[in-house]
Amino acid sequence: MTHANAPHQEVLADRFGLKIAAGLNEQPLPHDISERLRVARLQAIARVPKLQTQSAHAISMSGGAAVLGGGPFDDRFNLFNRIASALPLLALAAGLVFVSVMTDNDNVREIADIDVQLLTDDLPPDAHTDAGFAQFLKFGPPSP
């Protein structure tokens, strides 16, 4: 099997699973099989860690619908946790501001250095914009 066929194989396996599930849903299971499945499901839930067990129990008690907790009095989202979760975002924002300020300062320093060199040079600043002067710098003085 090639790597390109893997998604196609998964789609076929999913379709096969859906057909099997639809066939099983059409016929009611005998009482003893449904009880064995219920006991197996409870044993599987008992083996997972406590937090997952509570979530699975809440889902099974709600008829299969996932119910999300949370609210102003939920212990998991107290003020300290909210502040702690916002700290990385604040650190990122502070870092971006710091990088922006430092880049601006570096640009100002470079421009100031160029201005100092132009103003302290023996040539007037207009000489640097002259096309003949640019040719002189590129090729040197004309040969006699």
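Residues numbered from 1 in each chain as written. Predicted model: local features only at pLDDT ≥ 70, side-chain atom pairs only at ≥ 80, totals over all residues. Heavy atoms only, no water.

**Student:** Sorry if this is basic, but what is going on with the overall build of the protein here?
**Tutor:** A count of helical and extended segments in the protein gives five helices and zero strands. Across the protein, helices and strands are ordered from the amino to the carboxyl terminus as α-α-α-α-α. Out of the 144 residues in the protein, the part that is buried amounts to 3%. For the protein, the computed accessible surface area is about 13,000 Å², with 65% contributed by carbon and sulfur atoms. (Helix = DSSP H or I, 4+ residues; strand = E, 2+ residues; numbered from the N terminus. Buried < 20%, exposed > 50% of the residue type's maximum accessible area, 1.4 Å probe, protein only. Areas by Shrake-Rupley, 256 points an atom, 1.4 Å probe, with all protein chains shown as cover.)

**Student:** Just checking my understanding: could you explain helix α4 (residues 79-120) for this structure?
**Tutor:** What sets the pattern is the α-helix's 3.6 residues per turn: residues three or four places apart point alike. The end-to-end C-alpha separation of α4 is 60 Å, in line with the 62 Å expected for 42 residues at 1.5 Å each. Along α4, the helix axis deviates most sharply at L87, where the bend reaches about 30°; the proline P88 sits within four residues downstream. (Expected span 1.5 Å × (residues − 1). Bend = angle between axes of the 7 residues up to and from the residue.)

**Student:** How do you make sense of a nonpolar patch on the surface when you look at a structure like this?
**Tutor:** A cluster of nonpolar side chains, contributed by V97, F98, V99, V101 and M102, occupies part of the molecular surface with about 450 Å² of accessible area. Considering the arrangement of structural elements, one finds F98 in helix α4. Judged by relative accessible area, which is 54%, F98 ranks as exposed. (Patch = residues over 30% accessible without salt bridge, like charges linked within 9 Å, V, L, I, M, F, W, Y side chains within 5 Å. Salt bridge = Lys/Arg side-chain N within 4 Å of Asp/Glu carboxyl O.)

**Student:** What is the right way to look at the pattern of salt bridges in this model?
**Tutor:** Any two side chains of opposite charge can pair, on the condition that their charged atoms come close. Summed over all chains, the structure comprises two salt bridges. Where E35 meets R38, a salt bridge forms, and the shortest distance between an N and an O atom there is 3.2 Å. Of the two residues, E35 and R38 are both situated in helix α2 (residues 31-47); the distance of three residues between them amounts to about one turn of the helix. Under the relative-accessibility criterion, R38 is labelled partly exposed at 37%. Linking D106 and R109 is a salt bridge whose minimum nitrogen-to-oxygen distance equals 3.2 Å. Of this pair, D106 and R109 both sit in helix α4, separated by three residues, roughly a single helical turn. On the basis of relative accessibility, which here comes to 37%, the residue D106 falls in the partly exposed class.

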